[in-house]
Amino acid sequence: MAKKTVNSDDHYSRSVEERVPIDFESEMGKLKEHPRTELLMKQNQVEEFDRALEAKKEVFKEKMTRLEEVRKSLENDEDRLQKEILKQNGHIQNNEEKRQKALRKIRDEHAIEEFKQKELESLVQTEAALQRQLAKQERKLQKLMKFAVYLDKVVDESEAYTEISDIIDRYTTLNTTYQDLLGLDTENQDTIGEKRREFSKLKERRGNESLSLTNEVAKLQTKLDELQQQNTKLESEWQHIQNTAAKQTLLLGQLKLGITNLYMLINKHLGSHRYVDNATFPQMLERIDIFIKDISDITSTYMQAESGSTSSLTLGARGGTKTSLTDPAP
């Protein structure tokens, strides 16, 4: 059976890279904001990483030793099984189940060995990737050293700052304030935009209300004009009614006066002691009507007497049946 060899350093690099992922781009972004502090932190991380790397190498060597032992053991077992198979070749038919079991065990052991080999290759790749990341990080660290030197000069020449941490704190405070102001400005802009939209809606609503009220005023004005025309017409009719009523009142007064005069003449002719002076107009009219009828009857009777009729009998009959208004007072 051929032995598979793997570079332990590469295998370890891949293993460490998989187990210790580092987001160097994010770390460099932070380092740009706080150069001196991040530089010191990265130096500490590099030292810790070196120590962890050494510890991983020791563990990896131990694993490699155990894997070699397992590989040798597997090879010895395979040789032993092959010898047993050859030795028991004559008894294959009788020991088929044992052979199948042994083959399954060998396949399992081979699968385990392949799995371990893949794991070893993965660790080697991880270690190689970590080595590349470490070299890249060290190059970036060298590039950022100028910021540390610059901060040292600022502290030496400035009276306001005694430590680099003071500069970083000041920068952090200013940056935080700036971000707060940006957020406040955004909120104010949003509030202003909302108020403008509300004002636009209110202006539009007021315009619609004004237009509606203008239309309503126009309708009311039209209605007022119509009512004024009706009022003028009614006033004209009322004036006509008043004039007509005045004429009718004058005519009525004349009629009442005529009726009163006629009634007084009748009373004077008949004698006032037979009638009440404060009689109402219906009573006056009734008396006048009776008087006119009596006069008409007397005239008719007289005309009949003149024509040769017996007027005495007629007058006697009337005197016996009806009391005439023309009878002389007793």
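Scoring rules and cut-offs
Residues numbered from 1 in each chain as written. Predicted model: local features only at pLDDT ≥ 70, side-chain atom pairs only at ≥ 80, totals over all residues. Heavy atoms only, no water. Helix = DSSP H or I, 4+ residues; strand = E, 2+ residues; numbered from the N terminus. Buried < 20%, exposed > 50% of the residue type's maximum accessible area, 1.4 Å probe, protein only. Contact = heavy atoms within 4.5 Å. Expected span 1.5 Å × (residues − 1). Bend = angle between axes of the 7 residues up to and from the residue. Patch = residues over 30% accessible without salt bridge, like charges linked within 9 Å, V, L, I, M, F, W, Y side chains within 5 Å. Areas by Shrake-Rupley, 256 points an atom, 1.4 Å probe, with all protein chains shown as cover. Salt bridge = Lys/Arg side-chain N within 4 Å of Asp/Glu carboxyl O. Lys, Arg positive; Asp, Glu negative; His and termini not counted. Charge placed at Lys NZ, Arg CZ, Asp CG, Glu CD. pLDDT = per-residue confidence, 0-100. Core = buried A, V, L, I, M, F, W, Y, C linked by side-chain atoms within 4.5 Å. Axes fitted to C-alpha atoms, helices over the stretch in contact; angles between N-to-C directions. Parallel < 35°, antiparallel > 145°, perpendicular 65-115°, else oblique. Left-handed = near helix turned anticlockwise from the far one by under 90°. Nonpolar A, V, L, I, M, F, W, Y, C, P; charged D, E, K, R; others polar.

Trainee: Help me understand the overall build of the protein in this model?
Mentor: Counting secondary structure elements, the protein contains seven helices and zero strands. Counted from the first residue to the last, the protein has its helices and strands arranged as α-α-α-α-α-α-α. Within the protein, buried positions represent 20% of all 330 residues. Pairs at least 24 apart in sequence give 81% of the contacts found in the protein among residues at least 6 apart.

Trainee: Explain the environment of Q131 here, please?
Mentor: With respect to the helices, strands and loops of the structure, Q131 is situated in helix α4 (residues 96–157). Separated by 78 residues in the primary sequence, Q131 and L53 place their C-alpha atoms 10.0 Å from one another.

Trainee: Would you explain α4 in this entry?
Mentor: Helical periodicity: at 3.6 residues per turn, an α-helix aligns residues three or four positions apart in one direction. Compared with an ideal rise of 1.5 Å per residue, which puts 62 residues at 92 Å, α4 spans 90 Å between its outermost C-alpha atoms and is within 8% of the ideal. Roughly 35 degrees is the biggest bend found in α4, and it falls at K143.

Trainee: What is the right way to read a nonpolar patch on the surface from this model?
Mentor: On the surface, a nonpolar cluster with roughly 270 Å² of combined accessible area is contributed by L251, L252 and L255. Judged by its relative accessible area of 45%, L252 is partly exposed.

Trainee: Can you help me understand a positive patch on the surface in this one?
Mentor: Together, K56, K63, R66 and K116 make up a positively charged patch on the protein surface. In terms of residue count, the dominant contributor to the positive patch is helix α3 (residues 35–87) (three residues). Counting through the fold element by element, K116 comes out in helix α4.

Trainee: For this particular structure, what's the right way to read helix α6 (residues 281–306)?
Mentor: Over its 26 residues, α6 runs 37 Å from end to end, which matches the ideal 38 Å to within 8%, given 1.5 Å per residue. Within α6, burial applies to M284, I288, F291, D294 and T301.

Trainee: I tried to follow the confidence of the model for the protein on my own but got confused; where do I start?
Mentor: Model confidence for the protein is summarised by a mean pLDDT of 77, while 78% of its residues fall at 70 or above. Averaged pLDDT values for the elements of the protein fall to 44 in helix α7 (residues 311–321) and rise to 87 in helix α5 (residues 164–270). This stretch, residues 1–6, has a pLDDT under 50; its non-local contacts, to residues over four places away or in other chains, come to 14 contacts.

Trainee: Please clarify how the nonpolar core should be interpreted in this entry.
Mentor: Most often, soluble globular proteins have nonpolar side chains that are buried together. Listed in full, the eight residues of the largest apolar core are I259, Y263, I266, L270, A279, M284, I288 and F291. For this core, the secondary-structure elements that each account for two or more residues are α5 and α6. In terms of residues, this core owes the most to one element, α5, which gives four residues.

Trainee: Would you explain the pattern of salt bridges in this entry?
Mentor: Pairs may arise between side chains of opposite charge once their charged atoms sit close together. Enumeration according to the criterion identifies six salt bridges in this entry. The shortest N-O distance in the salt bridge between R71 and E68 comes to 2.7 Å. Highlighted residues: R71 and E68, both in helix α3, separated by three residues, approximately one helical turn. Taking relative accessible area as the criterion, R71 reaches 9% and is therefore assigned buried. Here the salt bridges share partners, and the residues they tie into one network are E68, R71 and E113.

Trainee: Mind showing me how you'd approach a negative patch on the surface here?
Mentor: A surface patch of like charges, here negative, comprises E47, E48, D50, E54, E58, E62 and E138. Here the negative patch takes six residues from α3, the largest share from any one element. Topologically, E58 is positioned in helix α3. On the accessibility criterion, E58 (45% relative accessible area) is partly exposed.

Trainee: Can you walk me through the packing of α5 against α6 in this structure?
Mentor: Two measures define how a pair of helices packs: the angle their axes make with one another and the distance between the axes. It is the contact of α5 with α6, at a shortest axis distance of 10 Å, that shows an interaxial angle of 55 degrees. Judged on the interaxial angle alone, α6 and α5 are oblique. Handedness of the α5/α6 crossing: left-handed. For the pair α5 and α6, the contacting residues are K256, I259, T260, L262, Y263, I266, H269 and L270 in the first and F281, M284, L285, R287, I288 and F291 in the second. The class makeup of the residues in the contact of α5 with α6 is ten nonpolar, two polar and two charged.

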